[in-house]
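Examination of the molecular architecture
Residues per chain, in single letters:
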Amino acid sequence: MLVLDAGAFVAVERGDRDCVALVKRERLSGRAPVTHGGVVGQVWRGGSGRQAPVARLLAGVDVVPLDDLLGRRAGTLLARSGGADAIDAAVVCLAGDGDDILTSDPEDLRVLAQAAEIHVEIISV
């Protein structure tokens, strides 16, 4: 599975071809990339103009609610890691062993993944 943080959406908005290719590869494999509602809140500014690529990307992404359960899992992960970014922690909570996380914060997410004791590929954008 491909998990997207806010940096992935910003990269798509900027026209980053590598990022677009990774998302396209995931879709061609029959899987939708995944993110959560907190990430959408970080990147969504209306979807028009230069945000049109973000709107197109969101149309093909599974957006998981940042609900009580995911929030508690993220908070527990922050306690274990010593981190403070609940949005990033929730991104890591969506991933499992063998998944890929597309991010502009590779070091922060690597620390969170280690604290979560999952083996993921952190891909920088």
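Below or above, wherever it landed, is the structure these notes cover. All values reported here derive from a predicted model rather than from experimental measurement.

A look at unusual backbone geometry
The backbone of Glu117 sits at a positive phi, close to 60°, despite the residue not being glycine. By secondary structure assignment, the location of Glu117 is in the loop between α7 (106-116) and β5 (121-124).

Focus on the environment of Val125
Along the polypeptide, Val125 turns up in the segment after β5. Relative accessible area serves as the criterion here: at 28%, Val125 is assigned to the partly exposed category. With 107 residues separating them in the primary sequence, Val125 and Asp18 have C-alpha atoms 8.0 Å apart. Ignoring sequence-local partners within four residues, the contact set of Val125 consists of Gly7, Ala8, Ala11, Cys19, Leu102, Thr103 and Ser104.

Section: helix α4 (residues 52-59)
Residues three or four positions apart in an α-helix share a direction because the helix packs 3.6 residues into each turn. Looking at α4, one finds that the buried residues are Pro53, Val54, Leu57 and Leu58. Buried residues of α4, viewed axially, fall in a sector of 135°; they line one side. For α4, the exposed residues lying more than 90 degrees away from the buried face are Arg56 and Ala59. The inward-facing, buried residues of α4 abut β1 (2-4), α1 (6-13), α2 (17-28), α3 (37-43) and β3 (62-64).

What about the pattern of salt bridges?
What the rule picks out here adds up to 5 salt bridges. One salt bridge connects Arg25 with Asp100, and the closest N-O pair in it is separated by 3.5 Å. Within this pair, whereas Arg25 is found in helix α2, its partner Asp100 is found in strand β4 (residues 100-103), the two being separated by 75 residues in sequence. By relative accessible area, which is 17% here, Asp100 ends up buried. The partner of Arg110 in a salt bridge is Glu107, with the nearest N and O atoms 2.7 Å apart. With Arg110 and Glu107 both in helix α7, this residue pair falls 3 residues apart, about one helical turn.

Section: the nonpolar core
Counting residues in each nonpolar core, the largest one holds 41 residues, and the members touching the most others are Leu4, Phe9, Val92, Ile101 and Leu102. If one sorts the elements of this core by residue count, helix α6 (residues 86-94) sits on top with 7 residues. Not counting the four nearest positions on each side in its chain, Leu102 is found in contact with Leu2, Val3, Leu4, Asp5, Ala8, Cys19, Leu22, Val23, Ile123 and Val125.

About the thresholds
- Residues numbered from 1 in each chain as written.
- Predicted model: local features only at pLDDT ≥ 70, side-chain atom pairs only at ≥ 80, totals over all residues.
- Heavy atoms only, no water.
- Helix = DSSP H or I, 4+ residues; strand = E, 2+ residues; numbered from the N terminus.
- Buried < 20%, exposed > 50% of the residue type's maximum accessible area, 1.4 Å probe, protein only.
- Contact = heavy atoms within 4.5 Å.
- Arc of directions from axis to C-beta.
- Salt bridge = Lys/Arg side-chain N within 4 Å of Asp/Glu carboxyl O.
- Core = buried A, V, L, I, M, F, W, Y, C linked by side-chain atoms within 4.5 Å.

Any link to function would need more than the numbers given here.
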